[in-house]
Amino acid sequence: MSCVLALDQGTTSSRAIVFDRAGGVHAVAQREFRQIYPQAGWVEHDATEIWATQSGVLHEALAKAGVAPGEIAAIGITNQRETTVLWERATGRPVANAIVWQDRRTAPDCDALREAGHEATFAAKTGLVLDAYFSGTKLRWLLDHVPGARERARRGELAFGTVDSWLVWNLTGGRVHATDPSNASRTLLYDIHRGDWDDQLCALLDVPREVLPAIVPSSGVCGSTTVGGVEIPIAGLAGDQQAALFGQACHAPGLAKNTYGTGCFLLMNTGANAVESSNRLLTTVAWKRGGTTEYALEGSVFIGGAVVQWLRDGLKLIRHARDVQALAESVPDNGGVVFVPAFAGLGAPHWDAYARGAIFGLTRGASGGHLARAALESIALQSRDVLVAMQKDARIALAGLRVDGGAAANDLLMQLQADVLGTTVVRPKVLETTALGAAYLAGLAVGFWNDAREVAANWQVDRIFEPSMPRSRVEALVGDWEKAIGRSKGWA
């Protein structure tokens, strides 16, 4: 056994990466799939397309790496977390499109649950806020709107899952219907303290327990799949942000990372202590391994790298996402332009489902360069909002922030992040830490790696960004940002 295979199923693409024992990348295969927008605020995926692209890149990555299936010690899966799939057990066919984590259609349902006085119950049991972001209200919407779905679910004919469950079901030919605690903790249906689905929460959302997957450890063999006639164990499951926390070697309380993907997700390990947030952050399961559950504080920014995609696809300001840095560096500052990219509402710590994107401070002198710079600043400033709240909750001053994700390769963004945080930003040599975390969780389960210390030793620094912007300028930037955020709220 020379390698571990990670399946990284993201919001816009499916990827497969082959890692060696040193955590090095042998091969990467990636395929994008359709984003479906039926109406304003709705985002869907075709789950069959997710499976087809993920299955395709699995084989493509092995071929690129020149690795035989028999050389793969285990498969680890990491996934976009709250995206909701509902399918028939008998046929394996989805009964509707998957509802994506960005989708806002259930915001009124969350309002109604709050008005009925249930917010404290959900917060105490799940560590989450009542928001359309999470899977529970999406599942209820499907059960309400697909004809006969709730009755079929009660009869055990339908299966619900986040994308990890959907992949495991397909990889095992329908033999295994499972999820892990890191994904279960994002559903509004799981008690993170007891470590099980909760009957009261299921009743509040009118979700039959018969539709729910079994809960298995994040690191442990839960099934197997056949590739080229060889049985390969599926031994790691983790939501993408928890996997990145593990891949960044943030294995001890107080260590934190920020992933710059479609959104931005800042997580801090809090160990065996499920820290209750008083600043509207999420308390979530980091992972369960070796019989122990560890927790994290999380702040979710809905639109991170996606704002650069919008500059590319919506405004046609750039041809490639990587071009945004040069455009932003064509001007010395933002020229007074402030960009709040609340395309899908605002996440932590604001939690305003009705906020919308807005650009302030435009004059005739404003250019594409100013807009590009303001867009990058918006990513750094949203992450700052989360980190300020996180440090208050955890009562820990951050010594440095570990970063990963596609946009972490942008030097200007990383420097802006260090500047507005006033702390060191550390970028590792391997940015594929989400997939790497899934690989580590799988490899540890089958003895490919001995312990967490061994995988942590693989982590290496690429570059360190130190704060350099004058504090007066940072304060002005933050002041304008807070004013703009206030004006974007409650728009819709």
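In short, a report on the structure. Only a predicted model underlies this, so the values are computations on that prediction, with no experimental measurement involved.

Let us look at the pairing of strand S13 (residues 219–227). Most of S13 sits out of view: seven of its nine residues are buried. Linking two consecutive strands that pair antiparallel, namely S13 and strand S14 (residues 230–239), is a turn of two residues; a positive phi of about 60° is found at Gly-228 within it.

A separate point is the packing of helix H1 (residues 47–65) against helix H6 (residues 163–171). It is the contact of H1 with H6, at a shortest axis distance of 11 Å, that shows an interaxial angle of 65°. In this structure, the crossing between H1 and H6 has a hand that is right-handed. Across the interface between the two elements, Ala-47, Thr-48, Ile-50, Trp-51, Gln-54 and Leu-58 from H1 touch Val-163, Trp-166, Leu-167, Asn-170 and Leu-171 from H6. For the contact of H1 with H6, a count of residues per class yields eight nonpolar, three polar and no charged.

A word on the sheet that holds strand S18 (residues 292–301). An order of S17-S18-S16-S15-S21-S22-S23 is seen for the seven strands of this open sheet, with the pairing classed as mixed. Since the sheet does not close on itself, it has two edges, and those belong to strand S17 (282–289) and strand S23 (461–465), each with one partner. The mean inter-strand angle of the sheet, taken between neighbouring strand axes irrespective of direction, is 30°. Taken together, the three bridges between strand S15 (residues 256–260) and strand S21 (residues 401–404) define a ladder with parallel strand orientation. By the bridge assignment, Asn-258 is partnered in S21 with Val-403. Contacts from helix H9 (residues 240–247) reach S15, strand S16 (264–271), S17, S18 and S21, with the element oriented near 60° to S17.

A separate point is helix H12 (residues 368–394). Given 3.6 residues per helical turn, the α-helix brings residues three or four places apart onto the same face. Over its 27 residues, H12 extends 39 Å from the first C-alpha to the last, a length consistent with the 39 Å expected when each residue adds 1.5 Å. In terms of burial, H12 is largely enclosed, as 23 of its 27 residues are buried. Looking one or two residues past H12, Arg-395 carries a phi angle of roughly 55°, positive in sign.

What follows covers the pattern of salt bridges. What the rule picks out here adds up to 35 salt bridges. As a salt-bridge pair, Arg-15 and Asp-8 come within 3.0 Å of each other at their nearest N and O atoms. What makes Asp-8 buried here is its relative accessible area of 8%. The partner of Arg-194 in a salt bridge is Asp-198, with the nearest N and O atoms 3.2 Å apart. For Asp-198, a relative accessible area of 4% gives the class buried. It is possible to trace a salt-bridge network through shared partners that takes in Arg-81, Glu-82, Arg-186, Asp-240 and Glu-298.

How each quantity is defined
Residues numbered from 1 in each chain as written. Predicted model: local features only at pLDDT ≥ 70, side-chain atom pairs only at ≥ 80, totals over all residues. Heavy atoms only, no water. Buried < 20%, exposed > 50% of the residue type's maximum accessible area, 1.4 Å probe, protein only. Helix = DSSP H or I, 4+ residues; strand = E, 2+ residues; numbered from the N terminus. Pairing = 2+ DSSP bridges. Axes fitted to C-alpha atoms, helices over the stretch in contact; angles between N-to-C directions. Left-handed = near helix turned anticlockwise from the far one by under 90°. Contact = heavy atoms within 4.5 Å. Nonpolar A, V, L, I, M, F, W, Y, C, P; charged D, E, K, R; others polar. Expected span 1.5 Å × (residues − 1). Salt bridge = Lys/Arg side-chain N within 4 Å of Asp/Glu carboxyl O.

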